[in-house]
Amino acid sequence: LKFDKMAERIVGLAAVQFAPTFSAQPSKSVVESNLHTAEHYIRAAHAEGANVILIQELFTGPYFCQQQTTDWHAAAETLEDSIVVRFMKNLSKELDVVLPVSFFERKNNAFFNTVCMVDCGEVLGVYRKSHIPDGPGYQEKFYFSPGDTGFKVFSTKFCKIGVGICWDQWFPETARCLVLQGAEVLLYPTAIGSEPQDPTLSSYAHWRRVMQGHAGANLVPVVASNRVGVESWDAKPGIPASEITFYGGSFIADNTGNVVARVNGTAGCKGDDDETSAEQRKPGFCVAKFDMTELSTTRAGWGVFRDRRPEFYSSILTLDGKQPHASIS
């Protein structure tokens, strides 16, 4: 038997970052302004060969989770009536690109931090954030229910995509489960910056290295998109003021974990710096191209997935390393 060599499958991946227009209350005009800002960078990335373009988490407004207030529940949209999804669906169709669209979703009486996967104008489905953080400045449990979709892989025109949202990226289980399901690329839209309780604390390098590890351990590219800018919230009765300076530093890592592109950064960099530069905290985008056929061959050759021993991994299904979780039969 003679087997033909598999054809190249070059896919351009892009990360976009910008500082959304701020508003202290939900505002349709602010949503529209931020949609047009995102459109500008999406078109620019597409012009440089990007087929899959990742925008940051909750990009149509401020990161409202710094404080707990019921005002922002009014900003949630249903998937069917979402202005954000409709806009990006039309843009995705026009440009023939994949757009993972982060939005604040409402489903009946439940609220989710959601990504809708739009594939060249077609909605493939949604992923709802599984891990919900709760700490100073990142009070997401007040707004979002834990996602109920499980980890999902979307088969798009260009490649199979697995997506996690921000806090999800700190869990290696997320990345491994997605790649076990066939993901060829991992995407992480994010909102991360300084810690309001201690502005001197920086988690940027830790944040980046964890995702570099996901790329190397699973032998797939990783794209992380983070917002930039300073967002300040005034004190309210019973609610302290809060401020976060978002890191930016959006990047693309290859299948060995090497950072090959950063927004306003040096291409081919090792990603060893502990802080983002002033340039990397500015709006922009970066693009890197990969041959998915070559990556698949490399992944198979390493034998990481061949040599797994799932029969030894039962501890991962527990909280304490011993007792199986109640949801496991």
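Everything here concerns the structure above.
No experiment lies behind these values; they were computed from the predicted model shown.

Here is what the cut-offs are and how they apply
- Residues numbered from 1 in each chain as written.
- Predicted model: local features only at pLDDT ≥ 70, side-chain atom pairs only at ≥ 80, totals over all residues.
- Heavy atoms only, no water.
- Pairing = 2+ DSSP bridges.
- Helix = DSSP H or I, 4+ residues; strand = E, 2+ residues; numbered from the N terminus.
- Axes fitted to C-alpha atoms, helices over the stretch in contact; angles between N-to-C directions.
- Left-handed = near helix turned anticlockwise from the far one by under 90°.
- Contact = heavy atoms within 4.5 Å.
- Nonpolar A, V, L, I, M, F, W, Y, C, P; charged D, E, K, R; others polar.
- Patch = residues over 30% accessible without salt bridge, like charges linked within 9 Å, V, L, I, M, F, W, Y side chains within 5 Å.
- Areas by Shrake-Rupley, 256 points an atom, 1.4 Å probe, with all protein chains shown as cover.
- Salt bridge = Lys/Arg side-chain N within 4 Å of Asp/Glu carboxyl O.
- Buried < 20%, exposed > 50% of the residue type's maximum accessible area, 1.4 Å probe, protein only.
- Arc of directions from axis to C-beta.
- Polar contact = N/O pair within 3.5 Å; in protein donor to acceptor, adjacent residues only side chain to side chain.
- Core = buried A, V, L, I, M, F, W, Y, C linked by side-chain atoms within 4.5 Å.
- Parallel < 35°, antiparallel > 145°, perpendicular 65-115°, else oblique.

Quick look at the pairing of strand E9 (residues 160-163) now. Looking along a regular strand, one sees the side chains alternate between the two faces of the sheet. As paired elements, strand E8 (residues 153-155) and E9 share three bridges and run antiparallel to each other. Each bridged residue has a counterpart across the sheet, and for Ser155 the counterpart in E9 is Lys160. Hairpin geometry of E8 and E9 is characterised by an intervening segment of four residues between the two adjacent antiparallel strands. Inspection of the sheet shows E9 paired to strand E10 (residues 185-190) by three bridges, in the parallel sense.

This paragraph deals with the packing of helix H3 (residues 172-180) against helix H4 (residues 204-218). The contact between H3 and H4 brings their axes to 10 Å, and the two run at 35°. Note that H3 runs across H4; the crossing there is right-handed. Facing H3, whose interface residues are Pro172, Ala175, Arg176 and Val179, H4 presents His214, Ala217 and Asn218. Among the residues making up the contact of H3 with H4, the classes are represented as four nonpolar, two polar and one charged.

Before going further, it helps to spend a moment on the sheet that holds strand E15 (residues 259-262). Each strand in a sheet pairs with its neighbour through backbone hydrogen bonds, running either in the same direction (parallel) or in the opposite one (antiparallel). Taken together, the six strands give an open sheet; going across it, the order is E8-E9-E10-E11-E14-E15, and neighbouring strands pair in mixed fashion. At either margin of the open sheet sits one strand with a lone partner, and together these are E8 and E15. With strand direction ignored, the average angle separating the axes of adjacent strands in the sheet is 20°. Relative to the sheet, H3 contacts E8, E9 and E10, its axis offset from that of E10 by approximately 140°. Contacting E10, strand E11 (222-226), strand E14 (251-253) and E15, H4 runs over the sheet at an angle of about 155° to E11.

Once that is clear, we can look at the pairing of strand E5 (residues 122-128). The pairing of strand E4 (residues 110-119) with E5 spans six bridges and is antiparallel. If you follow Asp119 over to E5, its bridge partner there is Glu122. Connecting E4 to the next strand, E5, in antiparallel fashion are two residues, including Cys120 with a positive phi near 50°.

Once that is clear, we can look at a nonpolar patch on the surface. Taken together, the side chains of Phe312, Tyr313, Ile316, Leu317 and Ile328 make up a nonpolar region of the molecular surface, amounting to roughly 490 Å² of accessible area. Positionally, Tyr313 belongs in the segment after helix H5 (292-302).

This part covers the pattern of salt bridges. Summed over the entire model, instances satisfying the criterion amount to eleven salt bridges. The salt bridge involving Glu94 is made with Arg43; its shortest N-O contact spans 2.9 Å. In this pair, Glu94 is assigned in helix H2 (residues 83-95) and Arg43 in helix H1 (residues 28-47), connecting sequence segments 51 residues apart. Given a relative accessible area of 31%, Arg43 falls into the partly exposed group. The partner of Arg227 in a salt bridge is Glu231, with the nearest N and O atoms 2.7 Å apart. Overall, Glu231 belongs to the buried group, its relative accessible area being 4%.

So, on to H3. What H3 keeps buried is the set Thr174, Ala175, Leu178 and Val179. The buried side chains of H3 occupy one side of the element, clustering within an arc of 120° when seen end-on. With its phi angle positive at about 110°, Gly182 sits one or two positions after the end of H3.

Bringing the side chain of Ser102 into the picture now. With respect to the helices, strands and loops of the structure, Ser102 is situated in strand E3 (residues 98-107). Within the structure, the side chain of Ser102 is placed 2.7 Å from the backbone nitrogen of Leu58, a separation counted as a polar contact. In contact with Ser102, not counting residues within four places along its chain, are Gln56, Glu57, Leu58, Phe59, Val84, Asn113, Thr114 and Val115.

What follows is about the nonpolar core. One recurring pattern in soluble globular proteins: nonpolar side chains tend to sit buried together. By size, the foremost hydrophobic cluster in this structure holds 28 residues, and its most contacted members are Leu13, Val52, Leu187 and Ile252. Of all the secondary structure elements, the ones that give two or more residues to this core are strand E1 (10-17), strand E2 (52-54), E4, E9, E10, strand E16 (284-291) and H5. Ile53, Ile55, Leu95 and Val126 belong to the second largest nonpolar core, which has 24 residues in total.

With respect to the secondary-structure elements, Gln139 resides in strand E7 (residues 138-139). A distance of 2.8 Å separates a polar atom in the side chain of Gln139 from a polar atom in the side chain of Gln68. Setting aside chain neighbours within four positions, we find Gln139 in contact with Cys65, Gln66, Gln67, Gln68, Pro133 and Asp134.

Moving on to the packing of H1 against H2. The geometry of H1 relative to H2 is characterised by a closest axis approach of 11 Å and an angle of 20° between their N-to-C directions. In terms of their interaxial angle, H1 and H2 are classed as roughly parallel. Considering the relative orientation of H1 and H2, their crossing is right-handed. Facing H1, whose interface residues are Lys28, Val31, Leu35, His36, Ala38, Glu39, Ile42, Arg43 and His46, H2 presents Ile83, Val84, Phe87, Met88, Leu91, Glu94 and Leu95.

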